[in-house]
Amino acid sequence: MNAILEALSNNGFALADYLVFGLYLVILVGMGIYLSRSQKGEEKSSTDYFLAGNTLTWWAVGASLIAANISAEQFIGMSGSAYRSGIAMAAYELMAAATLILVAKFLLPVMIERKIFTIPQFLRERYNWGVGLAFSLFWLFLYVFINLTSVAWLGALAIKMILGLPSVTGVLLGIQVDFTLLTIILILFLVAGTYSIYGGLASVAWTDVMQVTFLVGGGLITAIAALTTIGDALHIDGRAFGAFSEIYSHLNSIEGDHHFHLIVSRNPDIPNIMDDPYFDIPGIVVIVGALWISHIGYWGFNQYIIQKGLAAKSLNEAKKGMLFAAALKLLIPFIVCIPGVCAFYIMNGTYNGVPVYDQLSELLSGTITRSDDAYPFLIRNFTPVVVKGLSFAALAAAVISSLASMFNSTSTIFTMDIYKQLINKNASEHKLVKVGRITSICALLLALIAVYPIMGGADQAFQVIQEYSGFVFPGVVVIFGLGLLWKRASSTAAVVTAVGTFVFSILFKFLLPDVPFLLRMGYVFACLAAMFIGISLVARRTVPAEPQDEKSVRTQLIWSRILFVGALLSAAFGIIGLQFDGLRRYGVEAVFFLATMLLVLSICLHSNAKNKKQDMQAVPIDLSLFHTDRVFNIGATAIIAALVALYIFLW
């Protein structure tokens, strides 16, 4: 205990910083409990508890989406990646903005129209109860044993690192554990669980508005504070802006440096591709390749994400909320990547021929021994009193909000998809809410017990999660996407594809170990899509297709032709591009994924318009659902224009 107290007093944090952080926790829990009590009546219905009574406004939807998504892996992991190899990892955040627009326009409207509580519920209604149950069990396992444990583990590691806390080790249940780390995990679980378990999604979503304020504000303040300190210490005109300009110019003047490049090409001077940053972010795959699979699977068909959109007060509010989240996504790379680049410049750059670190040495405490130390290093050394507390609160906000969303979504899936469907079909609203709360408590306890056995031996937990998710998302996108958009999608195809996503992913991993993961995922998607369409076309569980008006048929056929031409042009470009070494270094084969995706959509639209048969449980085609108003269209255009400008400027 004395060692911990000494660390807390010598880590650069002042009493005011601890008070700011403590005040944040008190306000967070108090607000969550107050908001849950202020809902209509004392007796909550299942809609009140699991979907916030469908009361969320667009800004609450958008803020809650970002708060649920951003966690320690962004602040620590992505900042560390930016320190090591530059801002290319920001592509995950930037392309998510484009994905959110697509989800808002084409996927979410169908889900809201069908009034679903959960993603497995949609599968049950679209295919059969077996497919729905299988995915319910899968997501429960994923949330409890992968998502909750990993977010808590990475968050606790980050907090321990920033505070400079020593390890207090011992044996618990036969496992060697770090009790300092375990205590932080317990505190994170208790804070997130205190308001989310009692208040449900309403407490989670409305407190997320405050959380996102801390998250974005604290992140921006950290970046600006670091740049300002560098500018002042090096006597650079313009302070923060001048320092940024100097860092940008200096790193771009170094031949082979990619710190300010969003697209990473294959470096022939690195013989082993696995040592090349290209292996993690292979060229144009982030724009036209299988990164779209991860994003559509995550933002479109992930319960703890899409649940925020399902809880909106109207479809229009849900669409605007998604658009607001897309706009916030454009800020995240600057919040988490620029600090990492600043840290690299401090440790490796020169100014007027003198190492920057030597010029700042009197201001610095400690050093950076590994990439993930970058963000904690900046907080400790470059944020002033009170601001340091705000920055620390931003990191905690990111972790706590993600945990709270996962608790709520876990309880939603178990209560509505398993308990109500298989155990007690006539359960009262009061009983459903009670079961939801008990489920959240059980999830908390299970994750707390499992966190060390699962995450304790993982050297790079974030990479393990990405690999695991990448095995699943190709099948998820095919099953959910075609189930929503194609009338012939069959339950048999869904079952075979669910198994096939693991079989093909494992097969390609062993057959193509030197191929970047995001490219392999595209190959798996192509195989699964072909298999799904083939099985569905020969399925016998069909009925005569519902009649459509002439305008709907004509619109679908027009777009089918446009997409087919786009697929042909993409494939032709890929074939030609493979003949040029320069284009191959940028991963031009990623274009074949784009061709596959466009071809699949073209086939679905043509089939919907012309096929005289449809699956027995097909989703009705209503093109009016995809209509968006002028505000949405202007906002979406502005976001896409900003993305194009960023990629042109930082290519």
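Just so you know, these numbers come straight off a predicted model, no measurement behind them.

**Concerning the overall build of the protein chain**
In step 1: A count of helical and extended segments in the protein chain gives 27 helices and six strands.
In step 2: Against the 2.2 N^0.38 benchmark of 26 Å for 651 residues, the protein chain shows a C-alpha radius of gyration of 25 Å, consistent with a compact globule.
In step 3: Dimensions along the principal axes, computed over C-alpha positions, put the protein chain at roughly 80 × 65 × 50 Å.
In step 4: In the protein chain, of all internal contacts separated by at least 6 residues, the share reaching a separation of at least 24 is 83%.
In step 5: Total accessible area computed for the protein chain in this model is approximately 26100 Å², and 67% of it derives from carbon and sulfur atoms.
In step 6: Distance from the positive charge centre (40 side chains) to the negative charge centre (38 side chains) of the protein chain: 15 Å.

**Digging into the pattern of salt bridges**
In step 1: The full count for this structure, using the stated rule, is nine salt bridges.
In step 2: Between Lys-329 and Glu-93 there is a salt bridge, with its nearest N and O atoms 2.2 Å apart. Highlighted residues: Lys-329 in helix α15 (residues 315–329) and Glu-93 in helix α6 (residues 91–113), separated in sequence by 236 residues. An identical accessibility class is assigned to Lys-329 and Glu-93; each is buried.
In step 3: The residue Arg-126 makes a salt bridge to Asp-615 at a minimum N-O spacing of 3.1 Å.

**Thoughts on the nonpolar core**
In step 1: Formed by 224 residues in total, the largest nonpolar core has its most connected members in Tyr-24, Ile-230, Leu-403 and Phe-532.
In step 2: Top element by residues in this core is helix α8 (residues 129–163). It accounts for 19 residues.
In step 3: When near neighbours in sequence (up to four residues on either side) are disregarded, Leu-403 contacts Leu-148, Val-151, Ala-152, Leu-188, Phe-189 and Ala-192.

**Focus: the environment of Met-161**
In step 1: Along the chain, Met-161 turns up in helix α8.
In step 2: Here the alpha-carbon distance between Met-161 and Lys-610, two residues 449 residues apart in the chain, equals 60 Å.
In step 3: If we ignore the near neighbours within four places in the chain, the residues touching Met-161 are Arg-370, Asp-372, Asp-373, Pro-376 and Arg-380.

**Considering unusual backbone geometry**
In step 1: The residue Asn-352 is not glycine, and still its phi comes out positive at about 55°.
In step 2: Note on placement: Asn-352 falls in the loop between β3 (350–351) and β4 (354–355).
In step 3: Here the phi dihedral of Val-386 falls at roughly 80°; this positive angle occurs in a residue that is not glycine.
In step 4: Inspection of the secondary structure puts Val-386 in the loop between α18 (374–382) and α19 (387–423).
In step 5: Classification of Val-386 as partly exposed rests on a relative accessible area of 37%.

**Here we look at the environment of Leu-528**
In step 1: With respect to the helices and strands, Leu-528 occurs in helix α23 (residues 517–537).
In step 2: Taking the C-alpha atoms as reference points, Leu-528 and Ala-493, separated by 35 residues in sequence, lie 9.5 Å from one another.
In step 3: Residues contacting Leu-528, with those up to four places away along its chain left out, are Pro-474, Gly-475, Val-478, Thr-497, Gly-500, Thr-501 and Phe-504.

**Describing the packing of helix α24 (residues 550–577) against helix α26 (residues 591–610)**
In step 1: For the pair α24 and α26, interaxial distance at closest approach is 8 Å and the crossing angle is 160°. As the angle between them shows, α24 and α26 are arranged roughly antiparallel. At the point where α24 passes α26, the crossing takes the left-handed sense.
In step 2: When grouped by side-chain class, the residues that make up the contact of α24 with α26 number 18 nonpolar, eight polar and one charged.

**Overview of the side chain of Ser-402**
In step 1: With respect to the element layout, Ser-402 can be found in helix α19.
In step 2: Apart from the residues within four sequence positions on either side, Ser-402 is in contact with Ala-67, Ala-68, Asn-69, Ile-70, Ser-71 and Val-151.

**A short note on the environment of Ala-158**
In step 1: The topology assignment puts Ala-158 in helix α8.
In step 2: On the accessibility criterion, Ala-158 (1% relative accessible area) is buried.
In step 3: Remark: the alpha-carbon pair of Ala-158 and Tyr-375, spanning 217 residues in sequence, is separated by 9.2 Å.
In step 4: Excluding residues that lie within four positions of it along the chain, Ala-158 makes contacts with Ala-72, Ile-76 and Leu-395.

**Remarks on the packing of aromatic side chains**
In step 1: In this structure the tally under the stated criterion is 32 aromatic pairs.
In step 2: Ring geometry for Phe-13 and Tyr-18: centres 5.8 Å apart, planes at 25°, overall stacked.
In step 3: A relative accessible area of 7% means that Phe-13 is categorised as buried.
In step 4: Overall, the relative accessible area of 28% leaves Tyr-18 in the partly exposed class.
In step 5: Between the aromatic rings of Phe-13 and Phe-392, the centroid separation amounts to 5.6 Å while the plane-to-plane angle is 75°, which identifies the pairing as edge-to-face. Of this pair, Phe-13 sits in the loop between α1 (2–9) and α2 (15–37) while Phe-392 sits in helix α19, placing them 379 residues apart in sequence.
In step 6: Every member of this aromatic cluster is reached through a ring pair, and the members are Phe-13, Tyr-18, Phe-21, Tyr-24, Phe-214 and Phe-392.
In step 7: For the cation-ring pair, Arg-437 lies above Tyr-198, with the distance from its terminal atom to the ring centre recorded as 5.0 Å.

**So, the side chain of Ser-401**
In step 1: Tracing the sequence through the fold places Ser-401 in helix α19.
In step 2: Note on Ser-401: relative accessible area 0%, which makes it buried.
In step 3: Among the polar contacts made by the side chain of Ser-401, one reaches the main-chain carbonyl oxygen of Ala-398 at a distance of 3.3 Å.
In step 4: With residues up to four places along the chain from it excluded, the contact list for Ser-401 reads Ala-67, Ala-68, Asp-208 and Gln-211.

**Quick notes on the packing of α6 against α15**
In step 1: Remark: α6 packs on α15, axes separated minimally by 8 Å, with the N-to-C direction vectors making an angle of 170°. Classified by the angle their axes make, α6 and α15 are roughly antiparallel. Taking contact as the criterion, the partners of Glu-93, Ala-96, Ala-97, Leu-100, Ile-101, Val-103, Ala-104, Leu-108, Pro-109 and Ile-112 in α6 are, on α15, Leu-315, Ala-318, Lys-319, Met-322, Leu-323, Ala-325, Ala-326 and Lys-329.
In step 2: Per-class residue counts for the contact of α6 with α15 are 15 nonpolar, no polar and three charged.

**Points about helix α13 (residues 291–301)**
In step 1: Along α13, 11 of the 11 residues are buried, which leaves the element largely enclosed by surrounding structure.
In step 2: Looking only at α13, the buried set comprises Leu-291, Trp-292, Ile-293, Ser-294, His-295, Ile-296, Gly-297, Tyr-298, Trp-299, Gly-300 and Phe-301.

**Section: a nonpolar patch on the surface**
In step 1: A contiguous nonpolar surface patch, about 330 Å² in accessible area, is contributed by Phe-564, Leu-568, Leu-599 and Ile-603.
In step 2: Of all the secondary structure elements, the ones that give two or more residues to the nonpolar patch are α24 and α26.
In step 3: With respect to the helices and strands, the residue Leu-568 is situated in helix α24.

The rules we used
Residue numbers here run from 1 along each chain, matching the order of that chain's written sequence. At least 70 in pLDDT is required for a residue's local features to be given in this predicted model, at least 80 for side-chain atom pairs to be given and counted, and no such filter applies to totals for whole chains, interfaces and linings, which use all residues. Excluded from the side-chain calculation are hydrogens and water; included are all heavy atoms of the structure. Put simply, DSSP H or I for four residues or longer makes a helix, DSSP E for two residues or longer makes a strand, and each gets a number counted from the N terminus. It is over C-alpha atoms that the radius of gyration is taken, and the globule rule equals 2.2 Å times the number of residues to the power 0.38. In this analysis, two residues are considered to be in contact whenever any of their non-hydrogen atoms come within 4.5 Å of each other. Only the protein chains shown count as cover for residues, and the accessible areas themselves come from Shrake-Rupley with a 1.4 Å probe. Positive residues here are Lys and Arg, negative ones are Asp and Glu, while His and the chain termini are left out of the count. The atoms used to mark charge sites are NZ of Lys, CZ of Arg, CG of Asp and CD of Glu. Salt bridges are identified by distance alone: a Lys or Arg side-chain nitrogen within 4 Å of an Asp or Glu carboxyl oxygen. Here's how the labels work: a residue is buried when its accessible area is under 20% of the maximum for its type, exposed when over 50%, partly exposed in between, all with a 1.4 Å probe on protein chains only. Only buried residues count toward a nonpolar core. Its members are Ala, Val, Leu, Ile, Met, Phe, Trp, Tyr and Cys residues joined through side-chain atoms within 4.5 Å. Axes here mean lines fitted to C-alpha atoms, for a helix over just the part in contact, with angles spanning 0 to 180 degrees between N-to-C directions. Under this scheme an angle from 65 to 115 degrees is roughly perpendicular, one under 35 degrees roughly parallel, and one over 145 degrees roughly antiparallel; angles in between are oblique. Left-handed describes a crossing whose near helix is turned anticlockwise from the far helix through less than a right angle; right-handed describes the clockwise counterpart. Each residue gets one label: Ala, Val, Leu, Ile, Met, Phe, Trp, Tyr, Cys and Pro are nonpolar, Asp, Glu, Lys and Arg are charged, and the others, such as Gly, are polar. Paired rings are identified among Phe, Tyr and Trp, the last through its six-membered ring, by centres lying within 6.5 Å, and are further divided according to the angle between planes into stacked (under 30 degrees), edge-to-face (over 60) and tilted (the rest). When the NZ atom of lysine or the CZ atom of arginine is within 6 Å of a ring's centre and also within 35 degrees of its normal, the charge is said to sit over that ring. N or O atoms within 3.5 Å of each other form a polar contact, as long as, within protein, one can give a hydrogen and the other can take it, and as long as residues adjacent in sequence are counted only when both atoms are side-chain atoms. Only residues whose relative accessible area exceeds 30% and that form no salt bridge are eligible for patches; like-charged ones are grouped when within 9 Å, while nonpolar side chains (Val, Leu, Ile, Met, Phe, Trp, Tyr) are grouped when within 5 Å.

Purely geometric stuff here, so don't read any function into it on its own.
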